[in-house]
Amino acid sequence: MCGIAAYYGKRSAVPILLDALKVLEYRGYDSCGLAVYDGKIRYVKTVGKVSELLKKSGELPDSASIGIAHTRWATHGRVTVSNTHPHFDCKKRIGIVHNGIIENYQSLKKFLEGRGHKFRSRTDSEVIAHLFEEMLRNYPEEEAFINSVKLLEGAFAIVALYGDKLFLARKSSPLVIGIKDSEFFIASDTVAISRHTDKFIFLDDNEVGIIRDRNLEIKNLDGFDVNKEIKRIKRTEEEIDRGRFETFMLKEIFEQVETVENAYKGRVDFKAAVPVFGGIDFDKIKKFRRIILFACGSSYNAGLYAKYLFDRFFDCHVEYASEFKYADKKISKRDLLVAISQSGETIDVLEALRKYKEKALASLGIVNVVSSSIAREVDAGIYLHAGREIGVAATKTYTSQLLTLFLFWIYLARKFNYIDFATAKRYIDELKKLPGKVGSVLKREMEIKKLARKYVKFGNALFLGRKFNYPTALEGALKLKEISYVHAEALSAGEMKHGPIALVDDRFYSVFIVPHDSITDKVINNMEEIKARSGKIIAVTTKGRSLKQIKRLSDDVIVIPGTKEEFLPVLGIVPLQLFAYHIARLKGLDVDKPRNLAKTVTVE
Ligand code: F6R
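What counts as what
- Residues numbered from 1 in each chain as written.
- Predicted model: local features only at pLDDT ≥ 70, side-chain atom pairs only at ≥ 80, totals over all residues.
- Heavy atoms only, no water.
- Pairing = 2+ DSSP bridges.
- Helix = DSSP H or I, 4+ residues; strand = E, 2+ residues; numbered from the N terminus.
- Axes fitted to C-alpha atoms, helices over the stretch in contact; angles between N-to-C directions.
- Contact = heavy atoms within 4.5 Å.
- Parallel < 35°, antiparallel > 145°, perpendicular 65-115°, else oblique.
- Left-handed = near helix turned anticlockwise from the far one by under 90°.
- Nonpolar A, V, L, I, M, F, W, Y, C, P; charged D, E, K, R; others polar.
- Near = heavy atom within 4 Å.
- Polar contact = N/O pair within 3.5 Å; in protein donor to acceptor, adjacent residues only side chain to side chain.
- Areas by Shrake-Rupley, 256 points an atom, 1.4 Å probe, with all protein chains shown as cover.
- 1 Å grid on protein atoms, 1.4 Å probe; cavity = no way out; pocket = protein on both sides within 12 Å on 5 of 7 lines; lining within 4 Å.
- Sits in = over half its atoms within 2 Å of the grid points.
- Buried < 20%, exposed > 50% of the residue type's maximum accessible area, 1.4 Å probe, protein only.
- Salt bridge = Lys/Arg side-chain N within 4 Å of Asp/Glu carboxyl O.
- Points joined across faces, edges and corners; volume = space filled by probe spheres on them.
- Phe/Tyr/Trp six-rings, centres within 6.5 Å; stacked < 30°, edge-to-face > 60°.
- Lys NZ or Arg CZ within 6 Å of the ring centre and 35° of its normal.
- Expected span 1.5 Å × (residues − 1).

**Notes on the sheet that holds strand β21 (residues 380-383)**
- The 5 strands are arranged β18-β17-β19-β20-β21 in an open sheet whose pairing can be described as parallel. Either end of the sheet is taken by a strand with one partner, and the two such strands are β18 (315-320) and β21. Averaged over all pairs of adjacent strands, the angle between strand axes in this sheet comes to 20°, irrespective of strand direction.
- Across the sheet, helix α13 (residues 396-415) is in contact with β17 (290-295), β19 (335-341), β20 (362-367) and β21; its angle to β19 comes to roughly 160°.

**Things to note about the packing of helix α16 (residues 445-455) against helix α20 (residues 568-586)**
- Close contact between α16 and α20 brings their axes to 8 Å; oriented N to C, the two are set at 50°. When the axes of α16 and α20 are compared, the pair comes out oblique. With respect to the hand of their crossing, α16 and α20 are arranged in right-handed fashion. Counting all contacts with α16, which are made through Glu445, Ile448, Lys449, Leu451, Ala452, Arg453 and Tyr455, the residues of α20 involved are Pro575, Leu578, Phe579, His582, Ile583 and Leu586.
- Residue composition of the contact of α16 with α20, by class: 9 nonpolar, 1 polar and 3 charged.

**Description of the site of the ligand**
- Taken together, 15 residues lie around the ligand, and Ser299, Ser341, Ser343, Thr346 and Glu482 are the ones closest in.
- For the ligand, an oxygen atom lies 2.6 Å from a polar atom in the side chain of Ser341.
- About the coverage of the ligand: the protein hides 89% of its 400 Å² of free accessible area.
- Because more than half of its atoms lie within 2 Å of the grid, the ligand is assigned to the largest pocket.
- Every element with two or more residues in the shell around the ligand is listed here: α9 (297-310) and α17 (469-484).
- Taken together, the residues that form the shell around the ligand break down as 6 nonpolar, 7 polar and 2 charged.

**What to know about helix α4 (residues 126-136)**
- α4 sits mainly inside the fold: 11 of its 11 residues count as buried.
- Buried residues in α4 make contact with β5 (87-88), β6 (94-102), α3 (105-114), α5 (141-151), β7 (154-162) and β8 (165-171).

**Things to note about the environment of Ala422**
- Counting through the fold element by element, Ala422 comes out in helix α14 (residues 421-431).
- Sequence separation between Ala422 and Glu475 is 53 residues; the distance between their C-alpha atoms is 32 Å.

**Here we look at the pattern of salt bridges**
- One pass over the structure, following the stated rule, counts 45 salt bridges.
- Across the pair Lys286 and Asp283 runs a salt bridge, and its minimum N-O distance is 3.2 Å.
- Looking at Lys286, the relative accessible area reads 38%, which means it is partly exposed.

**Considering empty space enclosed by the protein**
- Taken as a whole and judged by the stated rule, the model has 2 cavities of 30 Å³ or more.
- Taken as a whole, the largest cavity spans an internal volume of roughly 200 Å³.
- Ser188, Asp189, Glu345, Val369 and Arg388 are the residues nearest the centre of the largest cavity, which is lined by 23 residues in total.
- Across the lining of the largest cavity, the residue classes tally to 8 nonpolar, 7 polar and 8 charged.
- The calculated volume of the second largest cavity comes to roughly 80 Å³.
- Lining the second largest cavity are 13 residues, and of these Cys2, Arg72, Thr75, His85 and Ser125 sit closest to its centre.
- Taken together, the elements giving at least two residues each to the lining of the second largest cavity come down to β4 (66-72) and β6.
- For the lining of the second largest cavity, the per-class residue count stands at 3 nonpolar, 8 polar and 2 charged.

**Concerning the packing of aromatic side chains**
- Inspection of the entire model under this criterion finds 39 aromatic pairs.
- Ring centres of Tyr7 and Phe185 lie 5.2 Å apart, and the angle between their planes is 45°; on these two criteria the pair is classed as tilted. One end of the pair, Tyr7, is in strand β1 (residues 3-8); the other, Phe185, is in strand β10 (residues 183-187), and 178 residues separate them in sequence.
- Classification of Tyr7 as buried rests on a relative accessible area of 0%.
- Note that Lys564 overlies the ring of Tyr427, its terminal NZ or CZ placed 5.1 Å from the centroid.

**A few points about α13**
- For α13, with 20 residues, the first-to-last C-alpha span of 29 Å sits near the 28 Å given by 1.5 Å per residue.
- When you tally the buried positions in α13, you get 19 out of 20 residues, the bulk of the element.
- In the segment just after α13, Asn417 is the residue with positive phi, at about 60°.

Here is the structure:
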């Protein structure tokens with residue numbers, strides 16, 4: 001999704017901005033641009049990669065020490081140079097970069113055109129520059145900017161370059177200011193600027209920032225000063241380094257040995273066999289009667305896994321955040337809301353949270369990115385501690401979500417005495433074996449690569465599983481779709497016979513997630529149904545009494561280590577991540593930045 005970077009200081013702005021854009025590439029984009037101020041605004045833009053922008057940036061003055069930059073992921077208007085940010089007012093005295101969507105841009109544009117403004121793009125963003133220009137006719141700069149922001153509807157993070165000053169605004173779309181002495185680094189994501197500083201101010205909704213005369217002021221929309229806390233966030237360079245791996249995605253798949261451990265390390269009282277969540281006040285949440293999990297994409301799949309756990313003792317619902325926020329669901333002081341989001345910025349999740357949180361008993365967030373909007377807006381947050389995920393497709397954060405949700409389930413089950421010490425201890429003991437078991441699945445990479453070679457020509461795939469393995473089927477299909485562009489569908493294996501089985505012929509293959517658990521025999525019956533129709537079968541299974549039968553029914557088998565039923569999804573998804581990865585690589589695709597996708601989805 002779109003990325004913003006801006007700089008105000010004493011060094012040459014162009015290399016700092018290009019470097020930040022390079023880091024922001026992981027979010028996904030299709031064009032990029034940069035503008036600096038050096039007595040007047042100068043800019044370059046391009047369709048395509050930051051490396052193209054770098055070639056053009058020689059045209060810009062080294063002496064400019066203030067500037068703005070942007071990677072655009074098209075929403076309103078096609079991928080063209082004229083639609084690429086920065087956008088300008090009529091006289092090119094104001095340059096703006098914008099993330100989000102201005103919902104009332106059409107009426108604003110009509111009004112501004114009526115006032116003689118000439119537009120150069122088909123974007124919603126350009127209205128911001130013209131609106132600021134229009135306001136400057138009647139108001140001093142600060143008021144003009146604030147008045148412009150007040151007229152905007154929708155979601156936005158904005159940085160405007162006007163003379164040797166920067167004007168910032170935020171509503172529902174993240175914007176952070178990094179501070180180092182009298183230098184200011186602005187970005188939509190701390191990762192873009194964290195090599196310069198570890199001191200950050202996060203702009204909140206309906207706040208503006210003004211940087212002029214080497215000074216930063218934060219104000220609300222009434223023009224009053226707002227006191228902001230400076231947060232310290234330390235990051236290491238390795239987090240954005242691929243190390244020995246050819247791609248970030250592969251690195252992140254392999255990191256799961258550590259991230260799985262990080263998900264529970266320091267969070268479990270092993271003696272008492274109970275997880276400890278420092279931020280959660282159990283007395284406050286214990287009156288809940290219903291748990292509502294909501295999320296999008298992979299995070300939704302993790303939520304669905306958790307539903308199978310919570311359903312055992314509690315009334316649990318799992319919702320797509322994009323549906324939930326428009327659902328007018330009846331929420332009461334007996335509801336515990338749980339927002340699941342790797343980035344902590346997904347707009348659908350954030351808006352659903354905002355819609356319902358006051359009505360609910362409490363809101364929790366299961367989030368990876370520290371200090372993200374969702375993490376800051378929930379009553380209590382549980383971090384994944386998975387480290388930055390750069391690959392667009394969720395991998396290590398997905399398995400961390402599964403385990404974090406598992407820990408939250410067992411935490412509640414222990415607190416309410418639904419699970420006794422001995423049972424909990426068995427789970428916790430097995431938990432400690434998971435990193436090693438993930439490691440042994442990863443050792444099968446070459447075997448899985450071979451399988452990918454065999455199936456790379458197929459254009460259709462079905463992923464099938466039941467109970468805890470149904471979310472694994474959904475997640476496996478999502479991985480294949482998003483990085484290798486193969487049509488893949490996931491179903492609960494029991495649903496096949498109710499229609500989708502009509503699809504099956506020898507041009508389809510089906511991936512069954514069929515480990516030895518409480519439902520193996522039922523899934524084997526579903527495998528028979530596919531086999532009887534000449535469908536090809538890949539089985540992901542464990543050693544056990546039905547292995548022979550599973551092998552007989554399958555064209556190919558991947559054997560993963562056995563574990564408790566509740567942990568099978570953590571191991572079961574790893575070969576499917578590798579399978580999708582190798583199919584995509586064999587097709588020569590860019591797995592870290594798949595087409596049309598974005599890492600952080602900050603538009604509806
Ligand atoms: C899939 C993927 C997406 C995200 C979804 C939600 O690999 O990454 O489906 O899971 O966009 O993102 P978060 O978890 O950041 O809210």
